[in-house]
Each structure stands twice: as C-alpha cells, then as structure tokens.
Amino acid sequence: MVDLLGRPIRDLRVSVTDSCNFRCTYCLPSEAFPRDYAFLKPDQLLRFSDIELVVAALLPLGLQKVKITGGEPLLRPLLVELIALLKGRWPGLEVALITNGHHLAPLVKRIRKAGLDSVTVSLDALDPTVFGRMTGNAHRLDTVLAGIEEAHREFEQVKINTVLIRGENDDQVEALAKYFQRPGFALRFIEYMDVGSLNRWRRDQVVTGAEVLERLQKLKNLFPLPKRHPGETSERWVWSEAEGEVGFINSVSRPFCAECVRVRLSADGKLYTCLFSNRSTDLKPVLLTGNLAEVTQTITAVWKKRDDRYSEQRQSLAGTTRQEMFTLGG
Ligand code: SAM
Ligand code: SF4
Ligand code: SF4
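So, a few notes on the structure that sits alongside this text. Just so it is clear, the model here is predicted, and its values are computed rather than measured. (Residues numbered from 1 in each chain as written. Chains lettered and ligands numbered in written order. Predicted model: local features only at pLDDT ≥ 70, side-chain atom pairs only at ≥ 80, totals over all residues. Heavy atoms only, no water.)

Further remarks concern the site of ligand 1. Taken together, 18 residues lie around ligand 1, and Tyr26, Gly71, Thr99, Ser122 and Met193 are the ones closest in. A distance of 3.2 Å separates an oxygen atom of ligand 1 from a polar atom in the backbone of threonine 99. Its free accessible area being 540 Å², ligand 1 has 95% of it covered by the protein chains. Here the shell around ligand 1 is built from residues that sort into seven nonpolar, nine polar and two charged. (Near = heavy atom within 4 Å. Polar contact = N/O pair within 3.5 Å; in protein donor to acceptor, adjacent residues only side chain to side chain. Areas by Shrake-Rupley, 256 points an atom, 1.4 Å probe, with all protein chains shown as cover. Nonpolar A, V, L, I, M, F, W, Y, C, P; charged D, E, K, R; others polar.)

The topology assignment puts threonine 162 in strand β5 (residues 158-164). For threonine 162, a relative accessible area of 0% puts it in the buried group. (Helix = DSSP H or I, 4+ residues; strand = E, 2+ residues; numbered from the N terminus. Buried < 20%, exposed > 50% of the residue type's maximum accessible area, 1.4 Å probe, protein only.)

With two bridges connecting them, strand β7 (residues 223-224) and strand β8 (residues 235-238) associate as antiparallel partners. Bridging from a neighbouring strand, phenylalanine 223 pairs with valine 238 of β8. As paired elements, β8 and strand β9 (residues 245-249) share four bridges and run antiparallel to each other. Paired with tryptophan 237 across the strands is valine 246, a residue of β9. (Pairing = 2+ DSSP bridges.)

Within the structure, ligand 2 sits among Cys20, Phe22, Cys24, Cys27, Leu28, Gly71 and Asn100. A per-class count over the shell around ligand 2 returns five nonpolar, two polar and no charged.

Turning next to the environment of serine 277. In this structure, serine 277 sits in the loop between β11 (270-272) and β12 (281-282). Note on serine 277: relative accessible area 6%, which makes it buried. Excluding anything up to four places from it in sequence, serine 277 contacts Tyr272, Asp308 and Gln323. At 3.1 Å, the side chain of serine 277 forms a polar contact with the backbone oxygen of arginine 279. (Contact = heavy atoms within 4.5 Å.)

Structure, rendered in structure tokens:
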C-alpha cells in the first residue's frame, strides 16, 4: 500500500500527550504558552487500547517502527504500560521513545524492562545559561544529563537530538560533539524547521548540516556510514569504531520527502500525513467502534491520497497555516 508518490508506511509517530514541562523557544514559546496554558484534558487523549488498534491496523500495511512522542511523553501517566503492551503483543515491532529527558533517570530501568528498543533525548546545549534560555529557563540541565547517563548504561545506543538556531545555541556544537564522543551515543544535529508559526522561524536562523559537519571535521576526522534502510532521515557519520556517531537531519537544506514513510497520530487521535500539513483525519470515531477492518480502511484511504512534500516545496508554500510541533510530536 503506497501513497500517490509511491511511498509506503513504515514508521508511526504517536503523541501520547500535548503537555510539556519545558517551553522550548522554537516549539512552545512561553509568550504563547504560559505555565497555565490549557493542554488537552486526560479524557481527550487516546487510550492505550486506541493506540494499540492503530498499530494493529498499520502492521499489515508495512509498519516497522513506532516512536512515542509528545509534548513530553514521560508526563503521560503509566507510559511504561503502553510500551509493555506494544512489545508484549508484537515483540518484533521496534518501539522507540523521544523525550526531553527531565523525568528520564528514574524511569530508565522500567522502560527498558518493558521492552523499549531505543531512546532519543533532546538536548540543545551543555551551557546551563543557553540550556535555560532554550528550554524556558525553569529546568535543570544536570537532571537531563543524569537521565542521559542512566539511559546510556541501560541501552546499547542513546540518540541525542540537537536543534541548532543561529545566534541562540550554535556555539554549542563543539562542546556537544566532545561530550558525546563516546561509544553508545549518536549525536544528531537537526536543522531548525518552520513547523507551526509561533516560533517566527527565519531561514537565516537555520544552521545547515553541511556547515556543522565542516566545523566537526576540524576537531577530528569523521567517516560516512551507509544508510541502513531507504527511509532513514539521518545522514550518519562516525568518529571511529571506538567512539560515537554523529548524524545530520538536513530537512531544510536537503529535504527527504521522496523517502518519507512516516505517519503521525496526535494525542487526541488525529492522523497527519506530513509535519507541515494543515489537514488531518480524526480517527476517534472509527477507533470508538473498535473495528480493526474499519480502522485499516480509513487509514488506507487517507494514505492512498497522500501527496505531501512540503520541504521540497517550501518556497512556494511558505505562509500556509501549519500545526504546532508539540501537537504533532515532531
Ligand atoms: N518533548 C520531547 C522532546 O523534546 O524530545 C518530544 C517531542 S519534541 C516536539 C520532538 C522533537 O522535535 C525534539 O527533538 C525537538 O527538538 C524537535 N523540534 C521541535 N520543534 C522543532 C523545530 N521547529 N525544528 C526542528 N525540530 C524541532
Ligand atoms: Fe516540550 Fe519537546 Fe517541545 Fe521542548 S521540543 S517544548 S521539550 S515538546
Ligand atoms: Fe515528510 Fe512532510 Fe517532512 Fe516531506 S515535509 S519529509 S513529506 S513530513
């Protein structure tokens, strides 16, 4: 089952909450989202059984991986149970988690035991002042670092996602590279994207992967790694076998829409076929029926009409309304 551009579904990003304890300037700027901002209420969120039904519907269509995201997914009560549910029923399905890391340390052992395959922690700075400025100042860098180290002890590889914004945290590149130049880490630099509209994105704030790679090569030689599968978004490099990996997600300077095999499910059950889409399909009514065949049919009908390729068309589509990242899960 492929879309209008021949792309299958391989990857589901499922948001389990839109709430977040951080206020990253590029995602949930505090001017627009004060501390008392009304996120979705618990009864508006998909139940774990709804998520299970969506996964069951997607597996025969080719799904291979589920990434749990948010908002901040570790704020969702009983998240460990969702991981255990998915891995218990489908041990071969890859289940990953992306988190801001603040609540990670005490949960690492439990999520590992529940069967989680991999963890990504978002971290944009090692300097506490820059970290505070980027995340809304309220949270502590050392708590996140403790979560990262704990995850590093339990998981074979921990990915670190760094969004670079020129003039904000681009001075952190070398320090991050040195800190994570260890086996078991993959540091990934993500180009700042124009998701949503509240972050007032500007093209000149994007630090391209090519620019970062050039800076890193001055520290030490990096060697390119081959793609592991066609839909892999990260261009991977390695310092040496004994050290970690560095990756670049160059979604602005080198869009990869032609290979985009990802579908997104919002915390309240809306299916999105592109990060930049302003259209979605509400799956809640069909999920309420509990009818697997109907869920499959609904998703198939949506996917077969999909022709999204925003990043390739950015110039001509700039100005269209877009969902905010925290509702979509990145
Ligand atoms: N709260 C979790 C976290 O921060 O890891 C998960 C959700 S967050 C929306 C997922 C990822 O999206 C994070 O790595 C974040 O840095 C990234 N992100 C958010 N807004 C972005 C933007 N405008 N451009 C690029 N990446 C962005
Ligand atoms: Fe929260 Fe993640 Fe968005 Fe930061 S990037 S505000 S941690 S959802
Ligand atoms: Fe996929 Fe849309 Fe991003 Fe292109 S712009 S890679 S279609 S999510």
